Every structure is written in C-alpha cells, then in structure tokens.
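# Close look at the chain arrangement
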Amino acid sequence: MSAARRIQVHVLRHNPRDPASEPRLQSYEVEEAAGMTLFLALTEIRERRDPSLAFDFVCRAGICGSCAMLVNGRPRLACNTLTKDLPADITLLPLPGFELIADLSVDTGRWMRALSERLQAWLHARETEVDAARIEEPMDPDLADRIYELDRCIECGCCVAACGTAQMRADFVGAVGLNKIARFSLDPRDARGDGDFYELVGDDDGVFGCMTLLACHDVCPKQLPLQNQIAFLRRRMARAGG
Amino acid sequence: MKIVYSDVLVIGGGLAGLRVAIGVRRRGLDAIVLSLVPPKRSHSAAAQGGMQASLGNAIKGAGDNEDVHFEDTVRGSDWGADQRVVRMFVETAPKAVRELAAWGVPWTRVRRGDREVIINGQRVTITERDEAHGLLAQRDFGGTRKWRTCYVSDGTGHAMLYAVGDQAIAQGVPVHERKEALSLIHEGGRCCGAVVRDLVTGELIGYLARATVVATGGAGRLYRVTTNAVICEGIGAALALETGIATLGNMEAVQFHPTGIFPAGILVTEGCRGDGGLLRDATGHRFMPDYEPEKKELASRDVVSRRMAEHIRGGLGAQSRFGPHLWLDITLLGRAHIDRNLREVKEICQSFLGIDPAEQWIPVHPAQHYTMGGIRTRHTGESTTLRGLFAAGEAACWDLHGFNRLGGNSVAETVVAGTIVGEFVADFCESGVGDIDLPTALVRDAVAVQRAALDALLASRGTESADAIRVEMQQAMTDGVGIFRDAAGLESAVGRLEALLLRSRSIAVRERADGPNPELVTAYRVQRMLKVALAMACGALARLESRGAHFREDFPRRDDANWLKRTLATWRNAADTLPTLDYEPIDVDAMELPPGWRGYGARDYRDHPDTARRTAEVQALRDRMQAGDRREVQAALMPYRELLPARLQASNDRLEAPA
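Residues numbered from 1 in each chain as written. Chains lettered and ligands numbered in written order. Predicted model: local features only at pLDDT ≥ 70, side-chain atom pairs only at ≥ 80, totals over all residues. Heavy atoms only, no water.

## Side note on unusual backbone geometry
Across the junction of B:F262 and B:P263, the peptide omega takes the value 0 degrees, indicating a cis bond. Mapped onto the secondary structure, B:P263 falls in the loop between β13 (254-261) and α6 (271-274). With an omega of 20 degrees, the peptide bond between B:W398 and B:D399 qualifies as cis. Inspection of the secondary structure puts B:D399 in the loop between β19 (396-397) and α11 (409-430). Within the chain, A:D103 stands out as a residue other than glycine whose phi angle is a positive 50 degrees. (Helix = DSSP H or I, 4+ residues; strand = E, 2+ residues; numbered from the N terminus.)

Have a look at this one:
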C-alpha cells in the first residue's frame, strides 16, 4: 500500500471581535486517511493541533447546511467533501455574504431568519384552525413530490455566496429566497396568489435582480432546480406586475 | 448583568422545543427559544424515514388504529414504557401529522391502483384504494404490525423541521441562537430559568421564566460512533442532574441503530429495510431469518442490532481495513424507488462511500442512535421533583419508549410531546403555581457560580486536556456500555468514567479567550457529559436483567419479578463522583397490556407475580365487552383520555378498513 498523502490545509483565521486580530492564513499539515472528509480533517486539527480553530458542523452528513465554506474558492458543504477529491493544498475561507463570527464560522442563521420574515416564507393557510381529528385534505401525489423537491433547501447559503447580484445588492434575496417563493406558490395549501408574491419579490432585490449568471444552480449541494425555478418565477412575476 | 424575562424559556430549538414554543405562544404567552445553532440545523432534521401515526391510508396500513400502535409501542419498549403516556401519544400522533400537513409538510401521498413493492425479499403487487388517493402514505418500519410510518421521501425530519420552524417565525417566536444554557436557576424546589452563555461573545446572561422547558435532544456523543449530530451531547440531562433535585429516568436504555454506515456511523434510514432492503453477511447470506423467523430484518432495533453484533462475533462479518461489518442490500428495490423514496440515502452513499446503492451493497454496522432515558417527568412533561422544570422529546423520559424505541416514534414524539407539553406549560403559567417572585439576587448568585467556574478553567494550571478526556470517555462508553454488557465491562467503565470525572476537574485550556473558544466549550461540556455517562453506566451495572436495548450477557433474561421498574438517577452533591440511584415501580395492575412475549426476540423471561392475575383480568373484561366499542373497552381497561389537554381528546377519523 502506498504511503498516505500529506495534505496542507490553509485556513483563514480571524476574530472580528478581537481588536488585535488580523486576518491571516494559517496552514496545518494533516495525514490523509481513507474516507477523510473536511469535517474529519478539521476536527483532527482542532483536537490535536489547534483547539482555538472555530468552525461549524452539526449533522456532518450533508443534511443540516451548517458547514458551507469556500473550499479552494468554491462554496460547498465541508462535511461531505472528501479530501481525496481535492489537491494536496486545500484553502478554506469563511462563506462570503454573511457576518463572520470567527475563522470559518459565519452567521447564516440570522440572515436566513431575516429573509424568512421579509418574504413571509411560511405557509399561509386558507383556514386558521384545522380540525386535526378529521381526515386530511388529499393532494396529488406528483404535486407533493414536486413541492418536496423545492422543500429540500437546507439554507446553507452557498447560493448567496456564489451569487453575482448578491455581491452588488446587499438586500438581494438570493436563490434561497426565490426558491422559497417558488415552493409556496406551487403549494395549493397556500392562500397567496401571484399578486401577493409579486409584492414580495417583484423588484430588483427579488427576481428581477437576478442576472442569470446561475452560479447558484451550479453550487447548490442539494441540486435544487434553481435555474428553472427562477426562470418560471421571473416570467410569472413579469405577468403579475404587468 | 443582563437578565432576560419571559413566561416560558425553551432550551433547544429542534422540533420538540419549537412546537412547545408555538403552543404556548398560541395561548397568549411569551416564549423564548435558546438554540446552540440556527434552529433549522437541529438534529431533528436528520430523521429520515418517517413518523408513526395510525392513519391507515396505505392498503398495508388498513385496519390500523391507536390500539395497534399502542400495543406495538409497548412491546417495543419491552414493557418499560408508561402505558398511559403511550396512549396519549398514539391518540395525538394522527392529529400531529395532520396539523403538519396543514402547515405545509409535503408528505408523500398514496397513489391509487397497482404498484410493485418488495416484501420479505419478494416482488409483490399491491393495490391502493381509490378513496385513499392523495392522502398521506405509510411505509413499513420495524416492530410494527401495520404500515404506519408517514414520510416525506427520506427527508421527513427536514421537512417537518422546516414547516415547524417556519410556523415559529410566523408566530414571532424569538430564537436566541448560539446561546448555551450552563445551569438551571432554582430555589426551594422551583426552577425559574437558566444561566446562559453567549457562544459568540462569551457573555453570561440570566434568563428568568415562569416555566423552563428542556428540549435538548439526546446524548449520542457520549459514544465514539453515533448517528447523532455533534451537538447531541446530553447537556440537557446534565443541566437537570446538576440541580441535585431533578432526576433522570432509565439512562441505561441506549439504542443502537442497525444501519449506521461503516465506519463513519452516519445513519441510513430504517426505511431501507421497511421498503424491502435486506441484511447480508460476508458470504452474501441473508442471515436475519435464521435468528428472527417472525419479523426478520424488521424486528425492533434492539433485537436486530444484537443479532448483527452476534453474527459479527460469529466471524461472519465482511472484513475491511476498519474492522468487520455487514451489508445492507437495497439493490432489489430498484433505481426508480431509490431515486424517489431513498434519495438522502443515495446521496450519503455517494458522498461518503463513493458507491451507488442501486448497484452496490452498503457497508453497515450498529451505531449509537437514541437515548430512551432522559429527564424524568410526569405525563404533563413536568419534572417529578423540580417544579417549573419541563422536558420534551428525546431529552425527556415521560416515559414513552421504555427500554427500546420503535423507529418512527421519535420524530413523532417530538411534535406530539411538543403539542401536549406546550398545553401543560401554558396551564402551569396561567395557574397560581406558575407565579414566581423575580429573584434577581438568585440570578446574580447563579451567574456568579458559572462565571467563577469559567474563570477557573481559563486560569487553570492543570494538566488535563479536555479533548483527550472526551475521547477517553467515548471509548469507555463504547467498550463497556454498548450492545452487549456484563458486570466486568460495566465495572471497568464506571471506574474509568469516575477517574475521568476527577481528572476533568484539572482541565486546562490553552486558548484563554472568552469569546468564540471551542476548547473552553469542550472543557465545560465534558465535565457535564461525564455525569450523564456515569448515570448510564451505573444504571446499567445495577440493572441485573436484560430488557429492550439493555442487554446483560450475565443476566440475559428479562426479569419482571425484580426489575419491572424505572431507574432514577440524581446527583446529590456537586462534590460527588457517582450518581445516586433509586427506583420507581411500574404497576402491572394498572397496565392495559400486561407483560408477555414481544412477538420477536427472546421468548424467555421471568414473570412478575401480578402478571398472571392482571392478564386474566384483562382477558375477562375483553370477553365481557366483546361486542362493545373498542374505545369503551380501552377506557374500561386503563382510563387515560382525561389526562390529555381538552383540545386533543377528540377521536381520530380514518378511512373504513376494507372488509
């Protein structure tokens, strides 16, 4: 068996709350192991080498969206990225577009909550009170599957980090926001119509701000059909606003 | 010192905590949710396969009802559960799943007509009913007599958490993210809030509330290999333990899931087997029917994991550089089924194993998965010993699962308990006992205690490393408190853990900053985790029988005569190095379903002296009321309905079962 590869992990270090902290890259050498993910590599660095290194992992299985970061320049989830798929030099930077907490840890939570509040991104039920002892309303099985397809967003923030418009417009809702609108507008249980959704995303901070660069579609770790959804939504919003 | 006031403080932003907060908010009270992470990142999102609720829409679920769900759950628990709580749960689960449908969860739906499914390795055609078309679908899961598990592909927990999280936002429930409770504030047997650390700034804040709800999930990270998220460290149980008053129930009851991917321990859902997947050994042989002819791969998790470990011990595991494992074969389900119903499984296999599960078998090994034990509460969710402290979900032991939880009953429990406990918390706040004086001096003292402990860690000249102690703790638990247990292994584990607890008092941190300092967090958490680990190990050492997931090789029989009781652990004094154990009897005479054989697993058990009499009583009553409505029979056997909040008492409608 060949000797294990040694990889160099270069991590941006900075604590914005510490006046003495200057952003810098710090390098750690790690011996690669079979099946090693960036979660395992960073955990090993923290347990054995540098207990101060800040990063966010929760599920470590690619389902919770906590660990998005720039991996050699590309936004992706660190937990399901295998080191063997990367070159021996790996540069990790915090996800841009979100407030930096420290090192690789960014505050996506507050951003996503503000987005949900702004877009009223929850199901607006037709009846306020359901009688849950009664048999549920039927739904077409295919439609349920299509809603789930859009419901799979994990709010990781990769689409925002990769977005050209978000670089220029601080209030742009991003693909994550547009996808949420697409999801609720597809759902017959939601009482809102296109006119209502137009009020939420019918402007340049919404669907008309998208320049169709579509990096969001390329980087989405859940492979959401963002390209199609944004195109559909733009057409419908243009109609609703016209 | 900052103090934040609210009616209700909810510690934990997963499904249970959020559902409690929504419930009390709807009753016109304020609730603040504390969460280590953004709430939609909680471990609830990892529930894949589904939520049990006896809707009976799918044809293989037809004829299901609360009675069947009740019996399955009690058998699954190996008669450790509180049967009244099980009744409350099975009655509320259909309401909870339907409420979630109204909140937007895109549940997978029944499609009318013929479809091919895999049952016991055979391809068979089943025909779904016209009248069920478009209603919530159910799939098969272990330890159930009907297909009962409602699901959203295999992203059920995610879809539920997003719908409930969105509702919390809609209701304006504030979530204080990246905040960690360090201690519960209490005086005179009354809990009134928590000391909380801001994980970004390091600031300590006092939270004062009329009711405090712990909904912090499980403790999987006490073990080296677990399906649990990295935040599932049993801290809620530790907070309760450190009050010296609240008790933990049945901490030795720890579930190992049969199908963690090997070696990482990441979960692949029981839905794989529910949908027809098989377990195979090194030779490709399907071995479960040899051990469990009745339920095969779909016996309860404790039984399947034990059989797998037994089979590996017999030298029949597949060998790999990381050690032996077994195979999960879902290739027979076909690519179309996997793409629609097992897509997370597919992604996990691709990302972490580099395999396509439609073509290749998945390497699996049992991994720690669930903490049946937790903060001991009454059926209302309130601690039996510390007033004003409530618990819900995996952090609680009210006690739905006894010594083994059925698949699909945990994510169901989160929303069911959240709904029920939310109502009782609101009742508590609205009643006279919910009043508190505002003891700001008490808060000041409680904050000062935590400040001093943190300062001592930051200034320590000790020689111990928090990370090293954590790894050794995980190893001790894995070695001694795993699937197979015996006196020697457990004594060794208790000894190692106790020594680690002593050593943890000399932890020094290299990084002295009080802001985002992961080493400091590990340090203060591992000190707490060790107490929970000791509650598990001591409970397991003391329990001289095998029940559910607690299996003693030196006492392999279930012993109802001596052990039909719940373990209670307390930590009397801060200076103690071991928990104090006590027991609470489970009354056979109050049972609707007296102890017997589970229908799978060992047939050999020792009866309680009351069992024969109670069994005869139950049978006589059933005979006498043979013609009666099933609800009347149930009420005569074990009244419970009035224990439920009034708005949850209505009987559930469902489709008529075909004749």
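## Topic: the sheet that holds strand β2 (residues 24-31) of chain A
Residues and elements named next belong to chain A. Sheet architecture is open: five strands sit in the order β2-β1-β5-β3-β4, paired in mixed fashion. Edge positions in the open sheet fall to β2 and β4 (74-77), since each of these has one partner strand only. Strand-to-strand twist in this sheet, taken as the mean axis angle between neighbours without regard to direction, amounts to 35 degrees. Relative to β4, strand β3 (residues 68-71) runs antiparallel, the two sharing four bridges. By the bridge assignment for β4, A68 is matched with L77. Running at roughly 100 degrees to β2, helix α1 (residues 38-49) makes contact with β1 (6-13), β2, β3 and β5 (89-94) of the sheet. (Pairing = 2+ DSSP bridges. Axes fitted to C-alpha atoms, helices over the stretch in contact; angles between N-to-C directions. Contact = heavy atoms within 4.5 Å.)

## Some words on the nonpolar core
A:L42, A:L92, B:I330 and B:I362 are the most contacted members of the largest nonpolar core, which has 106 residues in total. Mapping this core onto the domain boundaries places at least three of its residues in each of domain 1 (6-106) and domain 2 (120-241) of chain A. Beyond its immediate chain neighbours, meaning those up to four positions away, B:I330 contacts B:C272, B:G277, B:I338, B:L342, B:V345, B:P357 and B:I362. Residues B:I11, B:I205, B:L241 and B:A535 belong to the second largest nonpolar core, which totals 84 residues. (Core = buried A, V, L, I, M, F, W, Y, C linked by side-chain atoms within 4.5 Å. Buried < 20%, exposed > 50% of the residue type's maximum accessible area, 1.4 Å probe, protein only. Domains from an automatic or database assignment.)

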